[in-house]
Amino acid sequence: MDDSLYDDFGNYIGPDIESDQESDRKYDGEDEAEIYGHDVEILVMDEDEQNFEQPIIKPVRNIKSEVIKPVTMSPLIT
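Here is what the cut-offs are and how they apply
Residues numbered from 1 in each chain as written. Predicted model: local features only at pLDDT ≥ 70, side-chain atom pairs only at ≥ 80, totals over all residues. Heavy atoms only, no water. Patch = residues over 30% accessible without salt bridge, like charges linked within 9 Å, V, L, I, M, F, W, Y side chains within 5 Å. Areas by Shrake-Rupley, 256 points an atom, 1.4 Å probe, with all protein chains shown as cover. Salt bridge = Lys/Arg side-chain N within 4 Å of Asp/Glu carboxyl O. Helix = DSSP H or I, 4+ residues; strand = E, 2+ residues; numbered from the N terminus. Lys, Arg positive; Asp, Glu negative; His and termini not counted. Charge placed at Lys NZ, Arg CZ, Asp CG, Glu CD. Buried < 20%, exposed > 50% of the residue type's maximum accessible area, 1.4 Å probe, protein only. Phe/Tyr/Trp six-rings, centres within 6.5 Å; stacked < 30°, edge-to-face > 60°.

The protein carries the name 116 kDa U5 small nuclear ribonucleoprotein component, N-terminal in an unreviewed UniProt entry, which gives Trema orientale as its organism.

### Some points on a nonpolar patch on the surface
There is a patch of nonpolar side chains on the surface, built from I35, Y36, V40, I42 and V44 and spanning about 470 Å² of accessible area. Looking at the secondary structure, you find I35 in helix α1 (residues 32–36).

### Quick look at a negative patch on the surface
A cluster of acidic side chains, namely D46, E47, D48 and E49, defines a negative patch on the protein surface. Within the secondary structure, E47 sits in the segment after α1. Classification of E47 as exposed rests on a relative accessible area of 68%.

### Some thoughts on the packing of aromatic side chains
One pass over the structure, following the stated rule, counts one aromatic pair. Aromatic side chains Y6 and Y12 sit 5.6 Å apart centroid to centroid with 70° between the ring planes, which places their arrangement in the edge-to-face category.

Given below as structure tokens:
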């Protein structure tokens with residue numbers, strides 16, 4: 001691998017590479033009916049439906065803690 005063809009982050013910065021083959025890759029929005037079928041309804045939702053106060057994964061148990069006030073004991077004299 002020639003390091004002069006890549007920048008510090010690994011991005012290719014060399015000359016354009018020509019390809020004889022067309023890409024067989026399908027991209028979102030190109031032709032949904034061909035990719036997913038004609039009987040599929042496609043929905044794109046931009047916002048979360050769950051509010052931030054409710055955790056995605058609920059805790060298995062509730063952890064309860066309490067602070068106990070220390071009791072001072074008087075010395076026992078007999």
